[in-house]
Amino acid sequence: MTATEDHIDRLPAPALARPTSQAERVADLLRTFVIDGALAPGVRLSEEKLSRKYQVSRNTLREAFRLLSRERLLVHHMHRGVFVNRPTSEDVRDLFNARRSLELPAVRGASDAPAELVRAVGAAVDEGERARAEEDWWRMGSANMRFHEALAALARSERINEFMRQVLAETRLVFHVMAAPREFHDPYLKWNRRIHLALVEGNAETAAAELTEYLDTSEDQLVTAFIELERGSRT
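Residues numbered from 1 in each chain as written. Predicted model: local features only at pLDDT ≥ 70, side-chain atom pairs only at ≥ 80, totals over all residues. Heavy atoms only, no water.

Asker: Where do I start with the side chain of glutamate 210 in this structure?
Answerer: Within the secondary structure layout, glutamate 210 lies in helix 11 (residues 204-234). Judged by relative accessible area, glutamate 210 falls into the buried class, the value being 18%. (Helix = DSSP H or I, 4+ residues; strand = E, 2+ residues; numbered from the N terminus. Buried < 20%, exposed > 50% of the residue type's maximum accessible area, 1.4 Å probe, protein only.)

Asker: Just to check I follow, could you spell out empty space enclosed by the protein for this structure?
Answerer: It is a probe the size of a water molecule, rolled over the atoms, that shows where empty space is left. Enumeration over the complete set of coordinates arrives at three cavities of 30 Å³ or more. Of the pockets and cavities examined, the largest cavity occupies roughly 60 Å³. The residue inventory of the lining of the largest cavity, partitioned by class, reads six nonpolar, four polar and one charged. Size it by volume and the second largest cavity reaches roughly 50 Å³. Lining the second largest cavity are Ala124, Val125, Gly128, Met140, Ala143, Asn144, Phe147, His185, Leu189 and Asn192. (1 Å grid on protein atoms, 1.4 Å probe; cavity = no way out; pocket = protein on both sides within 12 Å on 5 of 7 lines; lining within 4 Å. Points joined across faces, edges and corners; volume = space filled by probe spheres on them. Nonpolar A, V, L, I, M, F, W, Y, C, P; charged D, E, K, R; others polar.)

Asker: Would you explain helix 7 (residues 137-153) in this entry?
Answerer: Helical geometry: 3.6 residues make up each α-helical turn, so side chains three or four residues apart lie on a common side. Over its 17 residues, helix 7 runs 24 Å from end to end, which matches the ideal 24 Å to within 8%, given 1.5 Å per residue. Most of helix 7 sits inside the fold, with 13 of its 17 residues counted as buried. (Expected span 1.5 Å × (residues − 1).)

Asker: Where do I start with the packing of helix 2 (residues 22-35) against helix 8 (residues 158-178) in this structure?
Answerer: How two helices sit against one another is set out by the angle between their axes and by the gap between those axes. The contact between helix 2 and helix 8 brings their axes to 8 Å, and the two run at 45°. Taken together, the axes of helix 2 and helix 8 lie oblique to each other. Note on packing geometry: the crossing formed by helix 2 with helix 8 is left-handed. Residues Asp28, Arg31, Thr32, Val34 and Ile35 of helix 2 form the contact with helix 8, whose own contacting residues are Arg165, Gln166, Leu168, Ala169, Arg172 and Leu173. Within the contact of helix 2 with helix 8, the residues separate by chemical class into five nonpolar, two polar and four charged. (Axes fitted to C-alpha atoms, helices over the stretch in contact; angles between N-to-C directions. Parallel < 35°, antiparallel > 145°, perpendicular 65-115°, else oblique. Left-handed = near helix turned anticlockwise from the far one by under 90°. Contact = heavy atoms within 4.5 Å.)

Asker: Looking at this structure, how should I read the sheet that holds strand 3 (residues 81-84)?
Answerer: Adjacent strands of a sheet pair through backbone hydrogen bonds, lying either parallel or antiparallel. The strand order across the open sheet formed by three strands is 1-3-2, and the pairing between neighbours is antiparallel. Looking along the sheet, the strands with just one partner apiece sit at the ends: strand 1 (44-45) and strand 2 (74-77). Both strand 1 and strand 3 contribute to a ladder of two bridges, which runs antiparallel. Of the residues in strand 3, the one forming a bridge with arginine 44 is phenylalanine 83. (Pairing = 2+ DSSP bridges.)

Asker: Could you clarify how one ought to interpret the pairing of strand 3 in this entry?
Answerer: On a regular strand, one side chain projects to one face of the sheet and the next to the other, so that they alternate. Judged from the four bridges that link them, strand 2 and strand 3 form a sheet pairing that is antiparallel. Note on strand 3: the bridge partner recorded for valine 75 is phenylalanine 83. The hairpin turn running from strand 2 into strand 3, its antiparallel successor, is three residues long, and histidine 79 in that turn takes a positive phi close to 70°.

Asker: Just checking my understanding: could you explain the pattern of salt bridges for this structure?
Answerer: Side-chain pairs of opposite charge can arise where the charged atoms are in close proximity. Applying the stated rule across the entire model yields 22 salt bridges. The closest approach of N and O atoms between arginine 156 and aspartate 112, which form a salt bridge, is 3.3 Å. Placement of arginine 156 in the loop between helix 7 and helix 8 and of aspartate 112 in the loop between helix 5 (89-108) and helix 6 (115-133) is noted, with a sequence separation of 44 residues between them. The salt bridge partner of arginine 132 is aspartate 186, with a shortest N-O separation of 3.3 Å. (Salt bridge = Lys/Arg side-chain N within 4 Å of Asp/Glu carboxyl O.)

Put into structure tokens, the structure is as follows:
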């Protein structure tokens, strides 16, 4: 069995639901696998195996691949196939710019956010803390993705939710490249809790200030690590 076959065999059973076309549903499913860490940078996506596993045509898969290629999640290499993309330090910088534009306005405008949206933020923090207690670092990373998704959802916009899922899928690829989820997630869990508590208290400006510092610190850490990796690959 090849590494590609092993990755695809471990993906969950079909659960296609949501967007409008079959290709969009498949793309949404694969995007979720990226966010959850089930598909890592460099993994080759076999049309044959995915078509068989999810009972969709190869034409549907190719359209889903095209959709995700436009989102920079997949890349097509001539004569080799379709692979999960591997981001660069410049991608990291651009992703954090996008995250600031999506997350910070949502948090600043959250003083009157519905209670269930604030609870979703807290639920993601709770899940991260449970994962840390069990030393399940990849699950902690997934919980962190859900936390930021919940922050963007405070804007109460389906379009922002959609954009945020795309950005978070790319962000998860960044953390996959680092392959050190504890180092790059654990220090920020306390920040997540502070942001959630500020939102519970209705102090949106405090939450936004915490998030600004959080994003600046995380970006610096990741860009520095990526530049070191890129230098090492050139030597």
